[in-house]
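Letter by letter, the chains look like this.
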Amino acid sequence: MTKILVCNPSYYQISYEINPWMSIDNQSNKNLAKDQWFHLVDKLKEAGANVVEMSGESNLPDMVFTANAGLVLPNKKVILAKFKHRERQPERIFYKNWFQNNGYEILEDPYPENTSWEGAGDALYQDNILYLGYGFRSDYEAISNENWKNLGFEKVFYMNLKDPYYYHLDTCFCPLPNKYALINTNAFDEHVVKSLSQVINLLPVAKNEAEKFACNAVSIENTVIIPSGCSNTKEMLMNVGFQVYETDMSEFMKSGGACKCLTLKI
């Protein structure tokens, strides 16, 4: 059973601006955000996931985006993130404590001390392939060493992000079972897309639906959960055999995140 870590949204709000989506003047609706979060959790459970909830911290509104906590590997091992922006850096100790208290082995940081790397926001894997994004929140220097090649994956892809609106890999790319992947091709250089197409079946998302975070999806076995309003993406997924659930993520999109950003497979 897929196990997913989420963080209670009680303290979620837009308190600062660290990506192009965020504006203090475009504040999230607190009650609606809570309703959307609980609806996402319901969809995760309906899809068969075991959802584990951690509490948030009053001064850390973005802790709700658990995808950035780290990268969880098989056998309960985890690499903790090192956040780029000072506003999120205090999250690390709370995530560390949670993993330690729940029996996970915290691996030594595989990245140099003076670099940033933001967990499963910029590190995704499926079918023994590890995809590492860099350019905005994670540094190339953080991932370009042999430590990443020694994690047991058959292949490692390095994916340079070029659009600041898609500042994390999981905002524009989503690997799925059976060697499929949703992708916003506009977020990458052409050579990256070409290299990927040689090893995985790419499902290109239309620009208007990429802007609705269609690629920020969660896959649980044969089910994919996507934000509402992405009908073309839904149809494309169904045409290749996936079951699709939709859920409204409008209040979290104001912070630059959606379904995937709010979850971490553990």
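Scroll up a little and you will see the structure.
Since the structure is predicted, the reported quantities are computational estimates derived from the model, not experimental observations.

Asks: Where do I start with the pairing of strand S13 (residues 223-227) in this structure?
Replies: A regular strand places its side chains on the two faces of the sheet in alternate fashion. Within S13, 5 of the 5 residues are buried, which leaves the element mostly enclosed by the surrounding structure. Strand direction decides the pairing type here: strand S12 (residues 218-220) and S13, joined by 3 bridges, are antiparallel. Counterpart to Ser 219 in the pairing with S13 is Val 224. Hairpin connection, S12 to S13: the antiparallel pair is bridged by 2 residues, and Glu 221 has positive phi, about 55°. In the sheet, S13 pairs with strand S14 (residues 243-247) via 5 bridges, with the strands oriented parallel. Looking at the pairing, Ile 225 lines up with Tyr 245 of S14. Taken together, S13, helix H7 (residues 231-239) and S14 constitute a β-α-β crossover, and its handedness is right-handed.

Asks: Whenever I open this one, the sheet that holds strand S8 (residues 155-160) confuses me. Can you help?
Replies: Sheet strands associate in pairs through backbone hydrogen bonding, adopting either a parallel or an antiparallel arrangement. Strand order in this open sheet of 3 strands is S6-S7-S8, and the pairing throughout is mixed. Strands with a single pairing partner mark the edges of an open sheet, and in this sheet they are strand S6 (123-126) and S8. The mean angle between the axes of side-by-side strands here comes to 20°, regardless of whether they run parallel or antiparallel. As paired elements, strand S7 (residues 129-134) and S8 share 6 bridges and run parallel to each other. Residue Gly 133 lies in a different strand from S8, and its bridge partner there is Met 159. Sheet contacts for helix H5 (residues 190-197): S7 and S8; angle to S8, the most-contacted strand, approximately 155°.

Asks: Honestly, the nonpolar core in this entry has me stumped. Any pointers?
Replies: Where a protein is soluble and globular, its nonpolar side chains tend to be buried together. Within the largest apolar cluster, 35 residues are counted, with the highest numbers of intra-cluster contacts made by Phe 173, Phe 188 and Leu 196. In terms of residue count, strand S10 (residues 180-183) provides more of this core than any other element does, 4 residues in total. In this structure Phe 188 touches Met 159, Asn 160, Leu 161, Lys 162, Leu 169, Cys 172, Phe 173, Ile 183 and Val 193, once residues within four positions along its chain are discounted. Core analysis: the next-biggest nonpolar cluster, separate from the first, contains 29 residues, Val 41, Val 64, Met 253 and Cys 259 among them.

Asks: Sorry if this is basic, but what is going on with the packing of aromatic side chains here?
Replies: Any pair of aromatic rings gets described here by the distance separating the centres and the angle formed by the planes. Applying the stated criterion across every chain, the model contains 18 aromatic pairs. Aromatic pair Tyr 131 and Phe 157: ring centres 5.9 Å apart, planes at 15°, arrangement stacked. Within this pair, whereas Tyr 131 is found in strand S7, its partner Phe 157 is found in strand S8, the two being separated by 26 residues in sequence. Each member of the pair, Tyr 131 together with Phe 157, is buried. Ring pairing ties together the aromatic residues Trp 21, Tyr 165, Tyr 166 and Phe 213, which thus form one cluster. In this structure, Lys 43 is placed above the aromatic ring of Tyr 245, and the distance from its NZ or CZ to the ring centre is 5.1 Å. Here the basic side chain of Lys 76 rests over the ring of Tyr 104, its NZ or CZ set 4.7 Å away from the ring centre.

Asks: Where do I start with the pattern of salt bridges in this structure?
Replies: Between side chains of opposite charge, pairing is possible as soon as their charged atoms come close. Counting across every chain of the model gives 10 salt bridges. Measuring nitrogen to oxygen at the nearest pair gives 3.9 Å for the salt bridge that ties Arg 86 to Glu 87. By relative accessible area, Arg 86 is classed as exposed at 63%.

Asks: Explain the state of the cysteines to me, please; I cannot follow it from the model alone.
Replies: Cysteine pairs can be covalently joined through their sulfur atoms, and such a bond is termed a disulfide. In the structure shown here, the tally under the stated rule is 0 disulfides. As a non-bridged cysteine, Cys 7 has Cys 261 as the owner of its nearest cysteine sulfur, 14 Å distant. Cys 7 sits in the buried class, given a relative accessible area of 0%. With no disulfide of its own, Cys 172 lies 6.8 Å from the sulfur of Cys 215, the closest cysteine sulfur.

Asks: What is the right way to look at the sheet that holds S14 in this model?
Replies: Judged by pairing direction, the sheet is mixed, and its 3 strands sit side by side in the order S12-S13-S14 without closing on themselves. Looking at strand neighbours, the two that pair on one side only are S12 and S14, the edges of this open sheet. Ignoring strand direction, the axes of neighbouring strands in this sheet form an average angle of 25°. On top of the sheet, helix H1 (residues 30-46) reaches S12, S13 and S14; it is set at about 165° to S14, its chief contact. Sheet strands touched by H7: S13 and S14. Its angle to S14, the strand with the most contacts, is close to 160°.

Criteria and thresholds
- Residues numbered from 1 in each chain as written.
- Predicted model: local features only at pLDDT ≥ 70, side-chain atom pairs only at ≥ 80, totals over all residues.
- Heavy atoms only, no water.
- Buried < 20%, exposed > 50% of the residue type's maximum accessible area, 1.4 Å probe, protein only.
- Helix = DSSP H or I, 4+ residues; strand = E, 2+ residues; numbered from the N terminus.
- Pairing = 2+ DSSP bridges.
- Right-handed = clockwise from strand over helix to strand, strands pointing away.
- Axes fitted to C-alpha atoms, helices over the stretch in contact; angles between N-to-C directions.
- Contact = heavy atoms within 4.5 Å.
- Core = buried A, V, L, I, M, F, W, Y, C linked by side-chain atoms within 4.5 Å.
- Phe/Tyr/Trp six-rings, centres within 6.5 Å; stacked < 30°, edge-to-face > 60°.
- Lys NZ or Arg CZ within 6 Å of the ring centre and 35° of its normal.
- Salt bridge = Lys/Arg side-chain N within 4 Å of Asp/Glu carboxyl O.
- Disulfide = S-S within 2.5 Å.

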